[in-house]
Amino acid sequence: MPELPEVETIVRALQPHLTGSKLRNPKIFKTDVLRHVSPRRLIEVINNNTVQDVTRRAKHVVIRLATGERVVIQPRMTGNLLVYDRRLTPSESRYVVFRSAIGDGKTFVYRDVRRLGTISLLDATAWESYTQSIGPEPLADDFTAERFADILTRTRQAIKKALMDQRLLAGVGNIYANEALFRAGIDPSRSADRVTQDAAHRLYDAVRGVLAAAVAAGGTTVRDYRNVAGDPGAYQQALLVYGRDGAPCVRCGTRLHTTHSIDGRSTTFCWRCQGRSS
DNA sequence: ACGAGGTCCTGCGAGC
DNA sequence: TGCTCGCAGGACCTCG
């Protein structure tokens, strides 16, 4: 899926197309992505409703409607949110999950090959309780190093797993967890609660730094991620460890190593730069 | 409380 | 060429 920078890129691009526009003739083609809402009810609420605003929370795209409900889309691995100003070709129409006209001849599309992504419809109360169950936004102005360090003390999980735990911290997935841990020089398997204050501070800077840089680059495209216009991001060129298994560490030249021992996800790191002293 | 592993899906590339 | 297998930006669940 897109992680925070990719969803942020999507949301920024969606805003001018969707904000204030009326959703007409919405259609759902795959119903297994819906959560807590029936196809009929979703269509009923969306149809002829106006988009009040589009925001990001963690890795979710949040489309707030004039009537107060929020359509919350979580693209996960292969979900794409796209806006077309023409008819879709047959190959573009493949894997389309949801589609709606948004005025000026434009079409808003949610396309998802693997359909691990989800669409839910939440009223104000349900949204409030959901957003409170997710950790803080790492790029928020009021997210301090002290708060980050405090989060790490709450779990004995491997630091990499903790970074990706959405209940603890919002928006970080596998790519940026790998990158941040390398930047900070921390062993990904180290217990979160045993990361030193010094290392926690470095990791705080690294997480914010890598996320901000990736947002500025329009996200990372390894394979499936596309922005609203259908174009890939640019941050993949700047990745220091993710996808570089066997290549030399940019810092010390040691061959990078990949393991799947942490939460079954690929973890690429430098034995030498991310040693036990962290 | 934690870690390990399966599940939801489909496509792709590697290896035989 | 054609197959089988493992893997993929995620998250939720059960089991031990």
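Residues numbered from 1 in each chain as written. Chains lettered and ligands numbered in written order. Predicted model: local features only at pLDDT ≥ 70, side-chain atom pairs only at ≥ 80, totals over all residues. Heavy atoms only, no water.

Asker: Explain the overall build of chain A to me, using residue names and the numbers behind them.
Answerer: Across its full length, chain A carries eight helices and 11 strands. The dimensions of chain A, computed from C-alpha atoms along their principal axes, are 60 × 40 × 30 Å. Buried residues in chain A amount to 53% of all 278 residues. A separation of at least 24 residues holds for 64% of the contacts in chain A among residues at least 6 apart in sequence. Only carbon and sulfur atoms are counted for the fraction: they give 46% of the accessible area of chain A, which is about 13000 Å². In chain A, 41 side chains carry a positive charge and 28 a negative one; their mean positions are 5 Å apart. (Helix = DSSP H or I, 4+ residues; strand = E, 2+ residues; numbered from the N terminus. Buried < 20%, exposed > 50% of the residue type's maximum accessible area, 1.4 Å probe, protein only. Contact = heavy atoms within 4.5 Å. Areas by Shrake-Rupley, 256 points an atom, 1.4 Å probe, with all protein chains shown as cover. Lys, Arg positive; Asp, Glu negative; His and termini not counted. Charge placed at Lys NZ, Arg CZ, Asp CG, Glu CD.)

Asker: Hey, could you go over the protein's contact with DNA strand B for me, with residue numbers and the actual values?
Answerer: Close contacts around DNA strand B come from Asp32, Arg94, Tyr95, Val113, Arg114, Arg115, Leu116, Arg156, Gln157, Ala158, Arg223 and Ser261, and that covers them all. Each atom of DNA strand B within 4 Å of the protein was classed as base or backbone; sugar and phosphate made up 74%. Arginine 156 is positioned such that a nitrogen or oxygen atom in its backbone is 3.5 Å from a phosphate oxygen of DNA strand B. The separation between a sugar or linking oxygen of DNA strand B and a polar side-chain atom of arginine 223 is 2.9 Å. The class makeup of the residues in the surface near DNA strand B is four nonpolar, two polar and six charged. (Near = heavy atom within 4 Å. Polar contact = N/O pair within 3.5 Å; in protein donor to acceptor, adjacent residues only side chain to side chain. Nonpolar A, V, L, I, M, F, W, Y, C, P; charged D, E, K, R; others polar.)

Asker: Tell me about the domain arrangement of chain A, residues and numbers included.
Answerer: Splitting chain A by domain gives domain 1 (4-132) and domain 2 (145-269). The interface is formed by 19 residues belonging to domain 1 together with 18 residues belonging to domain 2. Both sides of the domain 1 and domain 2 interface together cover about 1500 Å² of buried area, and 66% of this is carbon and sulfur. Our enumeration of links across domain 1 and domain 2 arrives at zero salt bridges. Run the count over domain 1 and domain 2 and you get seven residue pairs in polar contact (both at pLDDT 80 or more). (Domains from an automatic or database assignment. Buried area = accessible area lost by both parts, 1.4 Å probe. Salt bridge = Lys/Arg side-chain N within 4 Å of Asp/Glu carboxyl O.)

Asker: Account for the sheet that holds strand S1 (residues 24-28), with residues named and values stated.
Answerer: A sheet is described by the order of its strands in space; here four strands give the open sequence S1-S7-S8-S6, paired in antiparallel fashion. Two strands bound the open sheet, and with one partner strand each, they are S1 and strand S6 (79-84). Recorded for the sheet is a direction-independent mean angle of 10 degrees between the axes of neighbouring strands. In the sheet, strand S7 (residues 96-103) pairs with strand S8 (residues 106-112) via six bridges, with the strands oriented antiparallel. In the sheet register, serine 100 faces S8, and the bridge partner there is phenylalanine 108. Strands S6, S7 and S8 of the sheet are contacted by helix H1 (residues 4-18), whose axis makes an angle of about 35 degrees with S6. (Pairing = 2+ DSSP bridges. Axes fitted to C-alpha atoms, helices over the stretch in contact; angles between N-to-C directions.)

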